[in-house]
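Understanding the architecture of this molecule
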Amino acid sequence: MRLVSDNSWVLSCGNCPFCLTILAALLFFCQFVMPPAAYGLVTAGNRFDAGNTIGASDPSHMLRLADKSRRYEWLFGPQSEPPVQDVKRSTGLESFDNEVKQARKLYLSGDPDKAILKYRSAVDQLESLIDAAPPGHSVLDEMEKRFTVFDELAVKILGPMESEPRVSAAGQLFHVLEKRRICRKILTVKKAGLVEFFDVPAGLLEEEAQLLTRLVELRQNPTASAKTSDEEALKSRLASVRASLRKSSQRYALLRSGQPAPLRDVQEKLLGQEDLILDFNLLRDRMIVGIITRESAAYHQIHMNRSDIDKGVFALQEKLREFSLGEQSTFMGHAWKERCRRLYRILLGVLPPLPQGKKTVFVIPDRSLWYLPMSVLLDDEDRPFGRDRIVSLIPSAEMLRFIRAKTSAEDSGARAVQLLLVESLPWVSEKSAEKIDRSGAARRKKSAPMSEGERIQRLILGNPVYPKPSEIVVKIHKMFRSSVVRVGPAATADAIADRDDHRPDLSVIAVPLAVTDRVTSDRGPEFFFSPGKEKDRQFSVSGLFSSPLGSKLTVLPTCWYDVEDKASPAGEGPLLLSMALIYSGTGVGLVNYSNPDWGSDDPFLLHLLEKVSQGSSPWAAISSYTREMPGGLASPFSGKPPSWSGWLIIGDPGQ
């Protein structure tokens, strides 16, 4: 076999078996393995004919061989460029999820110390992602789902549930839980949308939000024409804007601070000899409670089902409201006591005895505990928990430091007005209420049932404002010589929005207040004032951040909690309300939602305001009432809860 000039092979030895074998192998390789004309030795369609030559061409056979050759393109490499795949949008959470997976693998492999370090790295990453998220952005919902990383880290630090409390780990655990609350605080404020603050320029806040939005767009759209230098320029400008915001207000800098104070500093610099912090953290299958005093600190974990606490809290609220509505559905009306005893056993009875002599208890609530009046919980001897102590709710230890921090000279207002009293109540007739009920019943036949919050809101907005002051307003007005009272049509949102020149020592805002459980940019806690110049009656609670009340005591006597999903409450609305009150300058806030019948005679509130009008501090006024109250409760035959049972105290009563 030899090669001729026309690039064809010719058999020169006839029917030699050796040559025939080589020829058959070469033909098989050329037709089924090697692509046609790959090396210029053969052409597609070559075949062996009777004349012992390979070189004649057949178009149909050429196409057939070309199709067969495509089967082996994977062997010789692609003959064309691969298709361009879509680049996935990045939210920055992918790296966080990988960190959490690696931490779980380390823990399961038997290395808890390295796992805890990896978890802490993931927590720091989540905090930076929340800080970089724009206000009201949809990515905030995805970040909220990752908050379980704090629960996992806390459990890893404490160890098995059967183990004894690790006193040495109290500082580390406090740091993690404070990080959790700080992230929740920043997340809740951002979920409310673009919030303005009275002591920082609004232009800087808007520019910060715009810069954050542009950075997120660059991160989610990597195929954009923007260069890396553009992103670096945006980050540089963002750092400059934030530095200007921090310099403009010490109060704002403290609120946005993401570094929790060490546990030792909290004990030595914040807590007095008579102060106690109960740090409640509700996980899905356990409860972690910290008992922190000036002398000691320890965390305990108790096995429980979180849903049992949620059900107990809202069941107690229903029983307490039966008395305010005049409906005692149970025999002798004692059902509220059983709920109080049960919650006391679940929350406080499982803890070791609390230190003696602590007259002020700061409770850091979690989830449904924002709705629980802990003062009314009953022990085994039916003594209320708030009998010989004041129980106050605070969002975190950091916010307690915020309240007690010295404000700058620019934050101090001019001469204070002693009392600011605003009352705006709907004038609801029986016919109007029946009309709302009938329309709600007709609507329920066609769609979902009307919630209590929707019904109350329709009653407020569908009826005029009561023009005259109620009896309790007249009584309060007589207690104070210097006061500003706005009642009926004059009780507009301007009463608290425009307070630049006068900051009262005491503010009583008796207008309907709906506190939603969840917070979004479209829906959140809001007041219902009288119609103003723009006929707008609704005033968002986030507006308190831009309204410097500066009151030592702020009373909100007519509010209700609108919890859509009582099986899984979040507590974002009460958290936002407490932060807004504290930022506006309020030292302590009183919120009543179990007995919103403002017009009735309230002995607790009248006693409190009379003491304050005489110069007593809120702490002294509240504590004196509980001491002077005979037995702490009414007659056991009446079964009526004490008048202070529906009030929640928020902030620092000692200020």
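Residues numbered from 1 in each chain as written. Predicted model: local features only at pLDDT ≥ 70, side-chain atom pairs only at ≥ 80, totals over all residues. Heavy atoms only, no water.

Thoughts on the overall build of the chain
Worth spelling out the cut-off: Here a strand is any run of E in DSSP of at least two residues, a helix any run of H or I of at least four, and the numbering for each starts at the N terminus. Throughout this description, buried means an accessible area under 20% of the type-specific maximum (1.4 Å probe, protein chains only), exposed means over 50%, and partly exposed covers the range between. Any two residues having at least one pair of non-hydrogen atoms within 4.5 Å are treated as being in contact. In these tables, accessible area is a Shrake-Rupley quantity obtained with a 1.4 Å probe, and a residue counts as shielded only by the protein chains included in the view.
Counting its secondary structure elements, the chain contains 22 helices and 17 strands. Looking at the chain residue by residue over its 655 residues, the buried ones come to 50%. A separation threshold of at least 6 residues defines the contact pool for the chain, and within that pool the share at least 24 residues apart is 75%. Element-wise, carbon and sulfur atoms account for 52% of the exposed surface of the chain, whose accessible area totals about 31,800 Å².

Focus on the pattern of salt bridges
We count it as follows: Salt bridges are defined as contacts in which a side-chain nitrogen from Lys or Arg sits within 4 Å of a carboxyl oxygen from Asp or Glu.
For the coordinates displayed, the defined rule picks out 40 salt bridges. Where lysine 191 meets glutamate 572, a salt bridge forms, and the shortest distance between an N and an O atom there is 3.0 Å. With lysine 191 in helix 8 (residues 170-191) and glutamate 572 in helix 20 (residues 572-583), this pair connects stretches of sequence that are 381 residues apart. For glutamate 572, a relative accessible area of 1% gives the class buried. With a closest N to O distance of 4.0 Å, glutamate 268 and arginine 264 form a salt bridge. Remark: arginine 264 and glutamate 268 occur in helix 12 (residues 263-270); sequence separation between them is four residues, near one turn of the helix. Note on arginine 264: relative accessible area 46%, which makes it partly exposed. Connected through salt bridges with shared partners, the residues Glu144, Arg184, Lys191, Arg518 and Glu572 form a single ionic network.

Describing unusual backbone geometry
Backbone geometry follows two general trends: most residues other than glycine have a negative phi, and most peptide bonds adopt the trans configuration. Positive phi values are uncommon outside glycine, yet arginine 367 reaches one of about 55 degrees. The residue arginine 367 is located in the loop between strand 6 (360-364) and strand 7 (390-393) in this model. Although it is not a glycine, aspartate 382 sits at a positive phi angle of roughly 60 degrees. Residue position: aspartate 382 is located in the loop between strand 6 and strand 7.

Notes on the sheet that holds strand 11 (residues 513-516)
Filter applied, for reference: A pair of strands is treated as paired once DSSP finds two or more bridges between them. Geometry is summarised by axes, namely lines fitted to C-alpha atoms with helices restricted to the contacting stretch, and by angles between N-to-C directions that run from 0 to 180 degrees.
Here we have four strands laid out as an open sheet, ordered 13-12-11-15, and mixed in their pairing. Looking at the sheet topology across the chains shown, the edges are occupied by strand 13 (538-540) and strand 15 (559-562). Taken over all neighbouring pairs, the strand axes of this sheet differ in orientation by 25 degrees on average, direction set aside. In the sheet, strand 12 (residues 526-528) pairs with strand 13 via three bridges, with the strands oriented antiparallel. Note that in strand 13 the partner of glutamate 526 across the bridge is serine 540.

Section: the pairing of strand 10 (residues 506-510)
Taking burial as the measure, the five residues of strand 10 include five buried ones, the bulk of the element. Side chains Leu506, Val508 and Ala510 of strand 10 all project onto a buried face; the interleaved residues Ser507 and Ile509 project onto the opposite face, where all are buried too. Bridge count for strand 8 (residues 419-423) against strand 10 is five bridges, and the pairing is parallel. Its bridge partner being in strand 10, leucine 421 is matched across the sheet by valine 508.

Some points on the confidence of the model for the chain
As a reminder, the rule being used: Per-residue confidence from the predictor is reported as pLDDT, which spans 0 to 100.
Per-residue confidence for the chain averages 79 on the pLDDT scale, and 72% of its residues sit at or above 70. pLDDT under 50 marks residues 35-57. Its contacts with residues more than four places away, or in other chains, come to 40 contacts. Predicted confidence for residues 441-445 stays below pLDDT 50, and this span has seven contacts to residues more than four positions away or in other chains.

Description of the packing of helix 18 (residues 471-479) against helix 21 (residues 603-613)
What counts, and what does not: Every angle not falling under 35 degrees, over 145, or within 65 to 115 is termed oblique; those three ranges are roughly parallel, roughly antiparallel and roughly perpendicular. Left-handed is the label given to a crossing in which the near helix is rotated counterclockwise from the far helix by less than a right angle, and right-handed is the label when the rotation is clockwise.
Closest axis-to-axis distance for the helix 18/helix 21 pair is 9 Å, and the angle between their directions is 20 degrees. Between helix 18 and helix 21, the angle falls in the class roughly parallel. The two elements helix 18 and helix 21 cross, and the hand of that crossing is right-handed. Facing Ile472, Lys475, Ile476 and Met479 of helix 18, the residues of helix 21 in contact are Leu605, Leu606, Leu609, Glu610 and Ser613.

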